[in-house]
Amino acid sequence: MCAKIETQDNKAITYEGLLEGNKAWVADTLKEDPEFFNKLSAGQAPPVLWIGCSDSRVPANQITNTMPGDIFVHRNIANVVTHTDMNLLSVLDYSVNVLKVKHIIVCGHYGCGGVNAALGDKQVGLIDNWLRNIKDVYRIHEREMSTIKDPVRKSERLVELNAIEGAANVMSTSIVQNAWAAGQELSVHAWVYSLKTGLITDMKVSASNSEDLSPVFKMQA
Ligand code: CO
């Protein structure tokens, strides 16, 4: 039995269709490069760690025109970065200390359902506790947020601030600070993707050393 899933344009995606799609992709890929899988299976050395939203419309490779092997990916609902998330910390530790990525990108997206839910007051379920982290972003920036009256702009600004605070949280981890202290080449960035245009905006808060960190977050090795 196959479960039919309706996509937004009502094209039915079937379970079998996914496997057929895989075969077609392999055939197309081998036509382009017969050695593609041989080369990729030898190992990975991605220069980028992507921390993005689980939203099906924001796939890291496609929107950056990159290939398998190029980006190490962690996604969760609303690209939340917290210091108690063992999943995220494990991904971060492995990508910084083993893969030696050069860039870490926290990428939010306008129209994020998680951010919109955090802006509201309706209970959704377990996820409310996860999205509480975004309410903290609102609280940190309450003065600015309270001046924005337009609900769309309010949502967009919280998306931007959530990506910026996520990047700041990455920067203040012991993992990133120790890499910087050891002289490792590593930059952390915040981006926001637009579902409407497909374009990414750099929030321009990038850091490649601990000098930009607030003193309260600076740690001695
Ligand atoms: Co989202």
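Above this text is the structure in question.
Residues numbered from 1 in each chain as written. Predicted model: local features only at pLDDT ≥ 70, side-chain atom pairs only at ≥ 80, totals over all residues. Heavy atoms only, no water.

Trainee: How do you make sense of the pattern of salt bridges when you look at a structure like this?
Mentor: Where charged atoms from two side chains of opposite charge come close, those side chains can pair. Under the counting rule described, the total for this entry stands at eight salt bridges. Note that Arg-132 and Asp-136 form a salt bridge whose closest N and O atoms lie 3.0 Å from each other. Here Asp-136 and Arg-132 lie together in helix α6 (residues 127–140), a separation of four residues that amounts to about one turn. For Arg-132, a relative accessible area of 45% gives the class partly exposed. Where Arg-153 meets Glu-160, a salt bridge forms, and the shortest distance between an N and an O atom there is 3.3 Å. (Salt bridge = Lys/Arg side-chain N within 4 Å of Asp/Glu carboxyl O. Helix = DSSP H or I, 4+ residues; strand = E, 2+ residues; numbered from the N terminus. Buried < 20%, exposed > 50% of the residue type's maximum accessible area, 1.4 Å probe, protein only.)

Trainee: I tried to follow the nonpolar core on my own but got confused; where do I start?
Mentor: One finds Ile-104 and Val-170 to be the most contacted residues of the largest nonpolar core, which totals 45 residues. Counting only elements with at least two residues in this core, the list comes to β3 (48–53), α4 (86–97), β5 (103–109), α5 (113–119), α6, α8 (151–171), α9 (174–181) and β6 (187–193). In contact with Ile-104, not counting residues within four places along its chain, are Leu-49, Ile-51, Leu-92, Val-96, Val-170, Val-176, Leu-186, Ser-187, Val-188 and His-189. Trp-50, Val-58, Trp-191 and Tyr-193 belong to the second largest nonpolar core, which has ten residues in total. (Core = buried A, V, L, I, M, F, W, Y, C linked by side-chain atoms within 4.5 Å. Contact = heavy atoms within 4.5 Å.)

Trainee: Before we go on, may I ask you to explain the side chain of Ser-95 in this structure?
Mentor: By secondary structure assignment, the location of Ser-95 is in helix α4. A relative accessible area of 0% places Ser-95 in the buried class. When sequence neighbours within four positions are dropped, the list of residues in contact with Ser-95 reads Leu-49, Phe-72, Lys-100 and Val-101.

Trainee: Is there a simple way to explain the packing of α4 against α9 in this structure?
Mentor: Helix-helix packing: each pair is described by the crossing angle between the helix axes and the interaxial distance. Interaxial distance between α4 and α9 falls to 9 Å at its minimum, and their mutual angle equals 15°. In terms of orientation, α4 and α9 fall into the roughly parallel class. In this structure, α4 crosses over α9, and the sense of that crossing is right-handed. Contact residues: α4 offers Leu-89, Leu-92, Asp-93, Val-96 and Asn-97, while α9 offers Ile-175, Val-176 and Ala-179. Here the residues of the contact of α4 with α9 are counted per class, giving six nonpolar, one polar and one charged. (Axes fitted to C-alpha atoms, helices over the stretch in contact; angles between N-to-C directions. Parallel < 35°, antiparallel > 145°, perpendicular 65-115°, else oblique. Left-handed = near helix turned anticlockwise from the far one by under 90°. Nonpolar A, V, L, I, M, F, W, Y, C, P; charged D, E, K, R; others polar.)

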